[in-house]
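Observations on the three-dimensional arrangement
So the chains spell out like this:
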Amino acid sequence: MMNNLHPIRDYIVPGKRAHLVGIGGVSMCPLAEVLRGMGLHVQGSDMTESDTVRHLRSLGIPVAIGHNAENLGDCDLVVRTAAVHDSNPEIAGAVARGIPVYERAQAWGAIMQRYPNALCVAGTHGKTTTTSMCTHIFMAAEADPTVMIGGTLPLLHAGYRVGQGDTIILESCEYCNSFLSFFPTVAVILNVEEDHLDFFKDLADIQHSFRRFAELVPPAGSVIVNADNASAMEAVAGLEHPIFTFGLDHTADCTAANLTEVDGRPVFDVMIRGEKYARVELHVYGHHNVLNALAAASAAWALGLPGHAVETGLASFTGAGRRFEHKGTYHGAEVYDDYAHHPDELHALFTTAKEMGYERLVVAFQPHTYSRTAKLFERFVEELKIPDVAILAEIFAAREQNTLGISSADLCRNIPGAVYCSTLDKAAAALRQAARPGDEAGAHALAQRPAHGDVLQVGIAGGEPSRSRGLLVESGMDAALRVHQARQGIEIGGAHLLQLAVLQDAVHHRMLPGQFFQRLLAGGRLAALGLARRGQAQPVEQHIAQLLGRADVELRARQLVDMGRELVQPALHIVEEGPEGRGVDGHPAL
């Protein structure tokens with residue numbers, strides 16, 4: 001903190017003017033909206049134009065491009081992201097003028113004090129997924145929560161929402177002890193492992209931080225901890241506050257019974273202290289996601305939500321953005337995108353992928369930060385031996401300088417058959433060359449994407465586009481079952497733009513053959529929507545029925561349309577192919 005004679009809560013009052021440095025960031029944009037809703041005058045700056053910046057301007061929030069001390073104007077306080085250093089001209093200007101400067105986490109901490117329920121999800125791994133699961137559950141309960149997630153959730157079309165309910169749900173990061181600025185009434189600790197060793201000294205230091213996080217919970221609140229994670233349990237050992245546990249392999253307050261799989265996805269009963277709370281059918285894969293779901297269910301139970309909200313919420317959850325997100329098919333290989341950047345996360349990702357029945361697992365991976373790569377070197381080597389083909393791009397520096405002299409080439413020398421690529425372009429080329437039918441191709445691409453695109457974007461865009469009846473598919477595809485909502489009589493031919501949506505609980509009700517339809521749509525093969533000739537109209541459910549060749553599908557599809565109108569969200573757009581084989585606005589037709 002600097003220049004801060006008073007706590008930030010003294011400034012978060014109507015009429016004060018807040019300047020947000022890095023206002024276009026994933027957690028700064030919702031902060032701006034929340035502060036504006038509380039009656040503050042909000043302004044800010046960012047380095048680049050973006051959809052987020054344009055959205056803020058549409059709300060009447062002025063945003064300057066570039067950082068300059070003059071941008072401060074007559075603000076009363078400055079809030080910055082962790083990426084903004086003291087040398088930033090706006091921070092230096094604020095210090096010179098005696099304007100208090102606060103961290104983003106401090107602002108969120110002050111805001112959450114105004115909510116009766118503050119659900120904070122922490123842990124070395126799984127935070128984004130579990131926070132997203134909690135969001136689905138609370139939305140299913142019509143609790144209208146305010147949400148802050150460190151990733152994109154399709155349900156929200158963003159990583160946040162500003163609600164009017166009495167609950168705020170936040171992904172809570174331990175890096176730089178950010179989460180110690182929070183005021184949780186429910187603290188979830190998923191796991192505690194070695195990470196961010198550029199800040200923490202060692203595992204004991206990390207455990208101490210998580211313990212302090214748990215100690216923030218008031219006596220009437222809940223501390224929820226993974227009983228299967230020994231390090232997390234050690235971190236809270238002897239805590240005065242009672243601990244509510246979840247787990248699969250150890251005795252716990254919340255556990256799973258009758259655990260089976262349907263098409264590889266977990267189905268189980270959520271048991272709370274021996275009594276059935278909910279019957280859950282997940283649409284995400286892996287043992288780790290069962291634990292994430294138990295954590296989310298535990299939080300819902302602690303805050304008094306009914307079991308049916310857990311059932312409906314988790315049935316509609318198909319994954320957060322860049323968490324084993326299905327991106328399409330290339331040269332017959334299914335392509336997934338995942339943010340895994342820690343050896344434990346890689347292990348969960350690779351073992352889950354290996355169980356899905358593909359012939360080979362081909363991975364393009366870019367390590368994140370020199371310090372993490374160096375301190376967890378042997379662990380990275382061990383996990384990167386799991387894929388059949390490992391393609392390693394050079395380490396992403398993020399906030400660091402390479403004072404350690406380490407390279408991805410060092411990893412490659414210890415991994416038989418691994419391919420080192422000095423640039424993302426070379427990694428993309430290697431991935432394109434390696435992909436073949438029967439493969440599962442995974443691309444690890446960082447959130448801080450270089451201007452020319454990440455490994456996955458280059459890897460897919462660099463090949464020849466596949467064709468499908470002159471239709472352009474514009475984003476939104478993932479590994480979920482896609483069922484399209486459309487009213488009868490909507491024209492698909494002609495010059496009409498057809499907006500389609502995902503019916504979130506289609507798999508739960510099993511109204512369409514899931515695996516086939518999932519592959520059909522996630523792979524971009526949308527011939528079902530191209531059966532009508534130009535100028536002819538035909539209801540979408542008839543198209544689906546024709547493609548699948550089943551007489552009863554049309555009726556079931558129509559039922560889905562009728563029941564799903566209020567439950568769906570926009571997911572992708574289909575437009576007719578323009579002249580010369582190009583899509584609308586010059587995009588290539590798929």
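Residues numbered from 1 in each chain as written. Predicted model: local features only at pLDDT ≥ 70, side-chain atom pairs only at ≥ 80, totals over all residues. Heavy atoms only, no water.

**With respect to the sheet that holds strand S4 (residues 77-80)**
Spatially, the five strands line up as an open sheet ordered S3-S2-S1-S4-S5, and their pairing is parallel. This sheet does not close on itself; its edge strands, each paired only once, are strand S3 (63-65) and strand S5 (101-103). Along the sheet, successive strands turn relative to each other by an average axial angle of 25 degrees, direction set aside. Here four bridges tie strand S1 (residues 17-21) to S4, and the two strands are oriented parallel to one another. (Pairing = 2+ DSSP bridges. Helix = DSSP H or I, 4+ residues; strand = E, 2+ residues; numbered from the N terminus. Axes fitted to C-alpha atoms, helices over the stretch in contact; angles between N-to-C directions.)

**Some points on the packing of aromatic side chains**
Inspection of the entire model under this criterion finds seven aromatic pairs. Their ring planes at 65 degrees and their centres at 6.1 Å tell us that Tyr175 and Phe199 sit as a pair that is edge-to-face. Placement of Tyr175 in the loop between strand S9 (167-171) and strand S10 (186-189) and of Phe199 in the loop between S10 and helix H6 (203-215) is noted, with a sequence separation of 24 residues between them. Owing to a relative accessible area of 37%, Phe199 belongs among the partly exposed residues under this scheme. Judged by centre distance (4.9 Å) and plane angle (80 degrees), the rings of Phe199 and Phe200 are edge-to-face. Classification of Phe200 as buried rests on a relative accessible area of 3%. (Phe/Tyr/Trp six-rings, centres within 6.5 Å; stacked < 30°, edge-to-face > 60°. Buried < 20%, exposed > 50% of the residue type's maximum accessible area, 1.4 Å probe, protein only.)

**Structural notes on the environment of Arg379**
Residue position: Arg379 is located in helix H12 (residues 377-384). Its relative accessible area of 30% is what places Arg379 among the partly exposed residues. Taking C-alpha positions, Arg379 is 8.9 Å from His342, a pair spaced 37 residues apart along the chain. Non-local contacts of Arg379, meaning those with residues more than four positions away in its chain, are made with Pro343 and Asp344. (Contact = heavy atoms within 4.5 Å.)

**Description of the state of the cysteines**
Two cysteines form a disulfide when their sulfur atoms are joined by a covalent bond. Here the structure, examined in full by the defined rule, presents zero disulfides. The thiol sulfur of Cys421 is not disulfide-bonded, and the nearest other cysteine sulfur, from Cys412, lies at 7.7 Å. A relative accessible area of 4% places Cys421 in the buried class. (Disulfide = S-S within 2.5 Å.)

**What to know about the side chain of Asn292**
Residue position: Asn292 is located in helix H8 (residues 287-302). Beyond its immediate sequence surroundings of up to four residues, Asn292 is in contact with Gly126, Thr129, Thr130, Met133 and Leu190.

**Focus on the packing of helix H5 (residues 127-140) against helix H9 (residues 307-315)**
H9 packs onto H5 with a crossing angle of 125 degrees between their chain directions and a minimal axis gap of 7 Å. The pairing of H5 with H9 is recorded here as oblique in orientation. Handedness of the H5/H9 crossing: right-handed. Judged by residue contacts, Met133, His136, Ile137 and Ala140 of H5 engage Ala309, Val310, Thr312, Gly313 and Leu314 from H9. (Parallel < 35°, antiparallel > 145°, perpendicular 65-115°, else oblique. Left-handed = near helix turned anticlockwise from the far one by under 90°.)

**What to know about the nonpolar core**
With 54 residues, the main nonpolar core has Leu20, Leu31, Leu35, Trp108, Ile111 and Ile189 as its most contacted residues. Setting aside residues up to four positions removed in sequence, Trp108 forms contacts with Ser27, Pro30, Leu31, Val34, Met148, Ile168, Leu170 and Phe182. Grouped together as the second largest cluster of nonpolar side chains are 41 residues, Val270, Leu305, Val310 and Leu314 included. (Core = buried A, V, L, I, M, F, W, Y, C linked by side-chain atoms within 4.5 Å.)

**Considerations on the confidence of the model for the protein chain**
The predicted model of the protein chain averages 76 in pLDDT, with 74% of residues at 70 or higher. Across residues 445-590 the pLDDT falls below 50, and counting only partners more than four positions away or on other chains, this stretch makes 291 contacts in the model. (pLDDT = per-residue confidence, 0-100.)

**Section: the pairing of strand S19 (residues 389-393)**
The buried fraction of S19 is high, at five of five residues. Neither face of S19 is open: one carries Val389, Ile391 and Ala393, the other Ala390 and Leu392, and all of them are buried. Note that strand S18 (residues 360-365) and S19 share four bridges and pair parallel. Within the sheet, the bridge partner assigned to Ala364 lies in S19 and is Ile391. As defined by bridge partners, S19 adjoins strand S20 (residues 419-421) across three bridges and the pair is classed as parallel. Bridge assignment links Ala393 to a residue of S20, and that residue is Cys421.

**Observations regarding the side chain of His342**
Checked against the element boundaries, His342 lands in the loop between strand S17 (333-338) and helix H10 (343-354). For His342, the side chain forms a polar contact with the main-chain nitrogen of Asp344, separated by 3.0 Å. Those residues in contact with His342, other than ones at most four positions away along the chain, are His125, Glu194, Asp195, Leu376 and Phe380. (Polar contact = N/O pair within 3.5 Å; in protein donor to acceptor, adjacent residues only side chain to side chain.)

**Looking at H12**
Residues of H12 that are buried include every one of Phe377, Phe380, Val381, Glu383 and Leu384, and no others. In this fold, the buried residues of H12 make contact with H10, S18, helix H11 (370-375), S19 and helix H13 (408-412).

**Some thoughts on the packing of H10 against H12**
The contact between H10 and H12 brings their axes to 9 Å, and the two run at 10 degrees. Between H10 and H12, the crossing angle belongs to the class labelled roughly parallel. Contacts between H10 and H12 involve Pro343, Asp344, Leu346, His347 and Phe350 on the former and, on the latter, Arg379, Phe380, Glu383 and Leu384. Considering only residue class, the contact of H10 with H12 consists of five nonpolar, one polar and three charged. (Nonpolar A, V, L, I, M, F, W, Y, C, P; charged D, E, K, R; others polar.)

**Structural notes on the pattern of salt bridges**
Applying the stated criterion across every chain yields a total of 16 salt bridges. Put simply, Glu174 and Lys127 hold a salt bridge, and the shortest N to O gap is 3.9 Å. Within this pair, whereas Glu174 is found in the loop between S9 and S10, its partner Lys127 is found in helix H5, the two being separated by 47 residues in sequence. Classification of Glu174 by relative accessible area gives buried; the value is 1%. Among the ionic pairs, Arg273 bridges to Asp253, the shortest N-O distance being 3.3 Å. (Salt bridge = Lys/Arg side-chain N within 4 Å of Asp/Glu carboxyl O.)

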